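What the coordinates show
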Amino acid sequence: MMERLSSRSLPVEWAPEVDPRGLSIGIVHLGLGAFHRAHQAVFTERAAAMTGESRWGISGVSQRSASVRQQLAPQDGLYSVLTRGLDSPSLQVIGSMREVSTAPEAPAAVVARIADPAVAVVTLTVTEKGYRAVAGGGLDLADPEIQADLAGRPPRTVVGQLAAGLIRRAETGAGPLTVLSCDNLVANGPFLRRLMEDYAAALGSVRSRSVDGRSVLEDGRQSKLGTHGEPAGERAGVVAIGSSSGNLAARLAGQLESTRFPASMVDRIVPATTDADREEAARLLGVRDEALVVAEPFIQWVIEDDFAGARPAWERAGAVLTEDVAPWEQAKLRMLNATHSMLAYLGGLRGYETIAEAVRDVELAELAGELMTRDVVPTLTPPEGLDLAAYGTSVLERFANPALKHRTAQVAMDGSVKLPVRLLGTVRDRLEAGAEPRIASLAVAGWMVYVATGRDANGRELALDDPQAARLREAATSAGPGAAGLVDAMLSIETVFDKELAADKVFRSLLIEGVSSLQSD
Ligand code: CS2
């Protein structure tokens, strides 16, 4: 069997741009999925190569399964990016990942890393649902995982991890931190700051809660479980006085004042890696890479230039550092991501396995173009230097890349948290302007039918992979008759549609029209 990629087996001609052994850790990344490895890690490595700076190695944290650690650890953190465009694929081995961990296995280590004075930046790609926010923003304090973190167990949620790390920094004087969200959310930086502030406020009001039936905090004092990442007993021993939740809340609130949360817009299509990709990479590399990621040639990162301390010189690697990310982010979410979601639902329903197949369907391609030109573009103020028409064309060309097997099912995932960000802002803006957002509504109708029928045109199952799957199924099964029944049942899900939107007559009738046409399709 072919040898596996590692620092020992790495063929010299494939050496990363910087020598990984010379890198120390300066970045913690939460959410070590394929996207981070094909995007921010690539920029970070390039920046290090351009500047010769050695302080920006990455400590990557997977939030759930141990599979990424199992892929990367035996390879000394090395992995490759297989770029698939219209020409023959190219490959690059990345060496900026210097440490890998799995949060549930080592929560204390994650907190310690965030609190490390050498760490100046925490980046995040934890997906929409990873933030545990309520519709419209703000922390979901009813979320049992958030409650458990607030009660003082070693943190498992992203917000809990950041909070514990920031509290520790306040205690040790580790200096201010920059927390950089790289998820597809509106104003992702301020959005995350608000969650952290909500957490701090909730921490201040925690008095007695129970975890697994045990009371862990009483009268603001801790018992039994360790608080915020420490092994049980450690905090009690080290800071026995002053560890009440009120004090923790005050420390967190104080530390948040100096913490920066810049917004950022990220863009690169990164489909799930397949066996065929791994075989192709092995042929090129001469060794097996179990941690391979695949991406399109296009790569873009626009970052709000608002950092608390030092940062990698990402602009040297092609990132754009700017005062205002909002117009970039809005254009990307409403044009690219919205169209992506529409193709995923309408394409999935028509039986297309990949986005490239869906966008080759003449009707769907036409609808995708119209979604952008008719419904989205009128809502946008383009950033300087971006031609929206050309951008729309390039988005469709990128989707059509036949070498990327980006599955419609992958993009269709988590619709309940993606739709509000990608499509409902456009719908609202158009309704307010007195216009009829017909195609955007058809995209939302596509999601409703996808969820409710669970079958494509060929009778194959369309799996429902969504954090609110139970609620969505319940709405679909309890729906009244006909298209109107389904639309009304889905519109009543207030975690997706706010009251005002749900009550909008124009939107409702556009949805009914869309659902009817899809059901008879
Ligand atoms: C996609 C995005 O999976 C999805 O929902 O729309 O991951 C998309 O590929 C990226 O945002 C492109 O930058």
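1. A short note on the sheet that holds strand β11 (residues 264–267)
Pairing between sheet strands relies on hydrogen bonds along the backbone, with the strands arranged either parallel or antiparallel. Reading across the sheet, the 3 strands line up as β11-β13-β14 and stay open at both edges, with mixed pairing between neighbours. Both outer strands of the open sheet, β11 and β14 (320–322), are each paired with one neighbouring strand and no more. Adjacent strand axes in the sheet meet at a mean angle of 15 degrees when their direction is disregarded.

2. Considerations on the layout of surface pockets
Its volume calculated, the second largest pocket comes out at about 360 Å³. Every residue lining the second largest pocket is counted, 24 residues in all, and those nearest its centre are Arg 407, Ala 409, Tyr 450, Glu 461 and Leu 462. The element that contributes the greatest number of residues to the lining of the second largest pocket is helix α15 (residues 408–412), accounting for 4 residues. Per-class residue counts for the lining of the second largest pocket are 11 nonpolar, 5 polar and 8 charged.

3. Digging into the sheet that holds strand β3 (residues 79–83)
An order of β4-β3-β12 is seen for the 3 strands of this open sheet, with the pairing classed as mixed. Each of the sheet's edge strands pairs with one partner strand only, and the pair in question is β4 (90–94) and β12 (293–295). Here the average twist between neighbouring strands, direction ignored, is 25 degrees. This element, helix α2 (residues 40–51), spans β3 and β4 of the sheet and lies at about 75 degrees to β4.

4. Remarks on the nonpolar core
Within the largest apolar cluster, 82 residues are counted, with the highest numbers of intra-cluster contacts made by Phe 399, Val 444, Trp 447, Met 448, Met 490, Phe 497 and Phe 507. Taken domain by domain, this core gets at least three of its residues from each of domain 1 (12–137 + 155–192 + 259–264) and domain 2 (325–520). Discounting residues that sit within four places of it in the chain, Phe 507 has contacts with Leu 424, Val 427, Leu 431, Ser 441, Val 444, Leu 491, Phe 497 and Leu 501. One finds Val 158, Leu 177, Phe 261 and Val 421 within the second-largest nonpolar core, a separate group that totals 40 residues.

5. Looking at unusual backbone geometry
The residue Thr 127 is not glycine, and still its phi comes out positive at about 65 degrees. Relative to the helices and strands, Thr 127 resides in the loop between β6 (121–124) and α5 (144–150). Thr 127 sits in the partly exposed class, given a relative accessible area of 34%.

6. Quick look at the site of the ligand
Lining the immediate surroundings of the ligand are 13 residues, of which Asp 267, Lys 332, His 340, Lys 418 and Arg 422 lie closest. Within the contact set of the ligand, an oxygen atom lies 2.6 Å away from a side-chain nitrogen or oxygen of Asp 267. Compared with its free state, where it exposes 340 Å², the ligand has 88% of that area covered by protein. Elements that contribute at least two residues to the shell around the ligand include exactly β11, α11 (326–349) and α16 (415–432). Top element by residues in the shell around the ligand is α11. It accounts for 4 residues. Here the shell around the ligand is built from residues that sort into 4 nonpolar, 4 polar and 5 charged.

7. As for the domain arrangement of the protein
Structurally, the protein comprises domain 1 (12–137 + 155–192 + 259–264) and domain 2 (325–520). One C-alpha centre belongs to domain 1, the other to domain 2; they are set 30 Å apart. Each partner contributes residues to the interface: domain 1 has 13 residues there, and domain 2 has 18 residues. For the domain 1 and domain 2 pair, buried surface summed over both sides reaches about 1200 Å², with 57% attributable to carbon and sulfur atoms. Looking at the side of domain 1 facing domain 2, the largest losses of area belong to Glu 128, Lys 129 and Asn 184, adding up to 44% of the total buried there. The tally of links between domain 1 and domain 2 comes to 2 salt bridges. With a shortest N-O distance of 3.7 Å, Arg 422 and Glu 128 are connected by a salt bridge. The interface formed by domain 1 and domain 2 contains 4 residue pairs in polar contact (both at pLDDT 80 or more). Class assignment for the residues of the side of domain 1 that touches domain 2 results in 6 nonpolar, 4 polar and 3 charged.

8. Concerning the pairing of strand β2 (residues 57–62)
The buried fraction of β2 amounts to 6 of the 6 residues, a majority that puts the element mostly inside the structure. Going residue by residue along β2, you find Gly 57, Ser 59 and Val 61 tucked away on one face and Ile 58, Gly 60 and Ser 62 tucked away on the opposite face as well. Inspection of the sheet shows strand β1 (residues 25–30) paired to β2 by 5 bridges, in the parallel sense. Each residue of the ladder has a partner; that of Val 28, found in β2, is Ser 59. The pairing of β2 with strand β5 (residues 97–102) spans 5 bridges and is classified as parallel. Opposite Val 61, over in β5, you have Ser 101 as the bridge partner.

What counts, and where the lines are drawn
Residues numbered from 1 in each chain as written. Predicted model: local features only at pLDDT ≥ 70, side-chain atom pairs only at ≥ 80, totals over all residues. Heavy atoms only, no water. Pairing = 2+ DSSP bridges. Helix = DSSP H or I, 4+ residues; strand = E, 2+ residues; numbered from the N terminus. Axes fitted to C-alpha atoms, helices over the stretch in contact; angles between N-to-C directions. 1 Å grid on protein atoms, 1.4 Å probe; cavity = no way out; pocket = protein on both sides within 12 Å on 5 of 7 lines; lining within 4 Å. Points joined across faces, edges and corners; volume = space filled by probe spheres on them. Nonpolar A, V, L, I, M, F, W, Y, C, P; charged D, E, K, R; others polar. Contact = heavy atoms within 4.5 Å. Core = buried A, V, L, I, M, F, W, Y, C linked by side-chain atoms within 4.5 Å. Buried < 20%, exposed > 50% of the residue type's maximum accessible area, 1.4 Å probe, protein only. Domains from an automatic or database assignment. Near = heavy atom within 4 Å. Polar contact = N/O pair within 3.5 Å; in protein donor to acceptor, adjacent residues only side chain to side chain. Areas by Shrake-Rupley, 256 points an atom, 1.4 Å probe, with all protein chains shown as cover. Buried area = accessible area lost by both parts, 1.4 Å probe. Salt bridge = Lys/Arg side-chain N within 4 Å of Asp/Glu carboxyl O.

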